[in-house]
There are 2 protein chains.
Amino acid sequence: MPKQVDYESRRRRIAEAVCLLSDEHGPEGVTMRDVATRAEVSLGAVQRCFRNKEEMLLFAVDHVGERITERVRTRLSSSPAQSAATALGHAATEIALLRRKHRAEARVWLAFVAQAAVSEPLAAKLRISYAALQDLLARLITEASESGPADDDAATLDPQREARALLALADGLTSHVLIGHLTSEEAEDALHVHLVRLWERLPTSRPGKAV
Amino acid sequence: MPKQVDYESRRRRIAEAVCLLSDEHGPEGVTMRDVATRAEVSLGAVQRCFRNKEEMLLFAVDHVGERITERVRTRLSSSPAQSAATALGHAATEIALLRRKHRAEARVWLAFVAQAAVSEPLAAKLRISYAALQDLLARLITEASESGPADDDAATLDPQREARALLALADGLTSHVLIGHLTSEEAEDALHVHLVRLWERLPTSRPGKAV
DNA sequence: CCAGAAGCGATACGATCGTATTGAAAAAGG
DNA sequence: CCTTTTTCAATACGATCGTATCGCTTCTGG
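About the thresholds
Residues numbered from 1 in each chain as written. Chains lettered and ligands numbered in written order. Predicted model: local features only at pLDDT ≥ 70, side-chain atom pairs only at ≥ 80, totals over all residues. Heavy atoms only, no water. Least-squares fit on C-alpha atoms with pLDDT ≥ 70 in both. Contact = heavy atoms within 4.5 Å. Phe/Tyr/Trp six-rings, centres within 6.5 Å; stacked < 30°, edge-to-face > 60°. Helix = DSSP H or I, 4+ residues; strand = E, 2+ residues; numbered from the N terminus. Buried < 20%, exposed > 50% of the residue type's maximum accessible area, 1.4 Å probe, protein only. Lys NZ or Arg CZ within 6 Å of the ring centre and 35° of its normal. Salt bridge = Lys/Arg side-chain N within 4 Å of Asp/Glu carboxyl O. Axes fitted to C-alpha atoms, helices over the stretch in contact; angles between N-to-C directions. Parallel < 35°, antiparallel > 145°, perpendicular 65-115°, else oblique. Core = buried A, V, L, I, M, F, W, Y, C linked by side-chain atoms within 4.5 Å. Polar contact = N/O pair within 3.5 Å; in protein donor to acceptor, adjacent residues only side chain to side chain.

In the annotation of an unreviewed UniProt entry, chain A is listed under the name TetR family transcriptional regulator and assigned to Streptomyces coeruleorubidus.

Let us now look at the relation of the copies chain B and chain A. In this structure, two copies of a chain are linked by a rotation about an axis accompanied by a shift along it. Superposition of chain B onto chain A requires a rotation of 180 degrees combined with a translation of 0.0 Å along the rotation axis, giving an RMSD of 0.1 Å. Such a turn and shift between the copies fits a two-fold axis. Both copies present the same face, since 100% of the interface residues in chain B are matched by interface residues at the equivalent positions in chain A.

Okay, the packing of aromatic side chains next. Applying the stated criterion across every chain, the model contains 4 aromatic pairs over all chains. Ring geometry for F50(A) versus F59(A): centroids 5.5 Å apart, planes at 55 degrees, classification tilted. Arranged with centres 5.6 Å apart and planes meeting at 70 degrees, the rings of W109(B) and Y130(B) form a pair that is edge-to-face. Taken together, the positions of W109(B) in helix 6 (residues 103–116) and Y130(B) in helix 7 (residues 120–147) put the pair 21 residues apart, joining distant regions of the chain. The exposure class of W109(B) is buried, given its relative accessible area of 8%. Residue classification places Y130(B) among the buried residues on the basis of a relative accessible area of 1%. When the ring centre of Y7(B) is taken as origin, the NZ or CZ atom of R10(B), which lies over that ring, is 6.0 Å away.

Our next topic: the pattern of salt bridges. The tally for this structure, following the rule as stated, stands at 32 salt bridges over all chains. The salt bridge involving R67(A) is made with E105(A); its shortest N-O contact spans 3.0 Å. Within this pair, whereas R67(A) is found in helix 4 (residues 53–78), its partner E105(A) is found in helix 6 (residues 103–116), the two being separated by 38 residues in sequence. As a salt-bridge pair, R201(B) and E200(A) come within 3.5 Å of each other at their nearest N and O atoms. Highlighted residues: R201(B) in the segment after helix 9 (184–200) and E200(A) in helix 9 (residues 184–200), drawn from two different chains. In this structure R201(B) comes out as partly exposed when scored by relative accessible area, which is 35%. Connected via shared salt-bridge partners are E16(A), R67(A), R71(A), R75(A), E94(A), R99(A) and E105(A).

In helix packing, the relevant descriptors are the interaxial angle and the interaxial distance, both defined with respect to the helix axes. Residues and elements named next belong to chain B. Their axes nearest at 9 Å, the elements helix 5 (residues 84–95) and helix 8 (residues 159–178) cross at an angle of 40 degrees. As the angle between them shows, helix 5 and helix 8 are arranged oblique. Across the interface between the two elements, L88, A92 and I95 of helix 5 pack against L166, L167 and A170 of helix 8.

If you look at the biggest cluster of nonpolar residues, it comprises 152 residues, and the most contacted ones within it are I14(A), L88(A), L126(A), I14(B), L88(B) and L126(B). In this structure L126(A) touches V61(A), W109(A), F112(A), V113(A), A116(A) and I179(B), once residues within four positions along its chain are discounted.

Moving on: the interface of chain B and chain A. Contacts between the two partners involve 47 residues from chain B and, on the opposite side, 47 residues from chain A. Between chain B and chain A we count 8 salt bridges in total. Here D189(B) and R161(A) are joined by a salt bridge, their closest N and O atoms 3.1 Å apart. One can count 14 residue pairs in polar contact (both at pLDDT 80 or more) joining chain B with chain A. Elements supplying a minimum of two residues to the side of chain B that touches chain A: helix 1 (7–25), helix 6, helix 7, helix 8 and helix 9 of chain B. Of the residues forming the side of chain B that touches chain A, the biggest block, 13 residues, is contributed by helix 8 of chain B.

As structure tokens, this is what we get:
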């Protein structure tokens, strides 16, 4: 066989280029040629990595999804959760992609979400990422409510329900920041308020204050 | 002069076609030719109505924005607010575009939001619509909190802050429904819960139950 | 050592896009 | 009634897209 190339790393490299270009012109605005140029490979190389453009975009959205969920996870394990509540705050803030550093990632994500409303295979990929994020949030909420005193009264909070709302709020805030309707400070404030109210409803005795 | 045509009505007719096609293929996927066909006019007619494609898309997004805000307004005036709280519920549900009937409108809106993250003039248009919606929500929240007993204690709720969060939540829920991560029932439930908790914080004596 | 499979960059091709242009039809003014 | 101006539909044009194809290089298995 001929020169062996690491296809996996090349695909990732191309996915990075797709993200950079999607950030600039939207995912539909990226061309195979631009991707090749940005990834510093030939057009033919891109074609050999992916059968067609759609496959390339699908791979890229998977790539972004993994990066985001992974970053949330590392953020959680790095600050080893003084309390589940603060961990939840970190996770939510991370998901909202509010930091200016991650503005590009947020734009890419939003662009793919919009595209997914029209492309079912893309939507399927996104659902996987969203389900993972929601489960993660729900788990944190569960931990947070269990870390409190024994919850004597019956059902206090439905973690999945709370996670759904939190995830939707984070996503909505992110898009509003992206189009300039909100400043990132306003968005962060809204997220903060939401979390504080969530904690107030936890059966925990001490009214947590950390964020 | 030659045959006089009503340009304004034609522009609206074309905008409708743009919406229909954006719902199917995304706003970037619409072509001038398809728009002309769908609007049952010639390509030349479309060109005479709008200098170029971008102008056409901008007009279309304005059109959708007006339709949405107007529908929210009429919904409010039609059910003459037994209480400001129920009016707020109606408004939020309407904004979230959760009804299947308005799924297309929601898709169009989401598509334009994503596009706006890349196109500043489009973002400017969207900001206007969002500001109008947020103000409307804030006004309703204000009314709702004033309808209660004299709020003796100081600041109880910041209407603009609550409106921001509510709007973001509605938007996030809508997009999650669109990509199939949530059912419209789950989204409606999340919105409902959020509103109930909002009312619990109102200085109103009677813990309102209507939605 | 060498035949051949696999990877490579470059180019070609057909389709489709937005926009420009063209010539005929139509309505108002003199 | 005829000129003039506006509108119309249709076609032309250049650019750009995704994809297919084609030699040439490069490395491995026998």
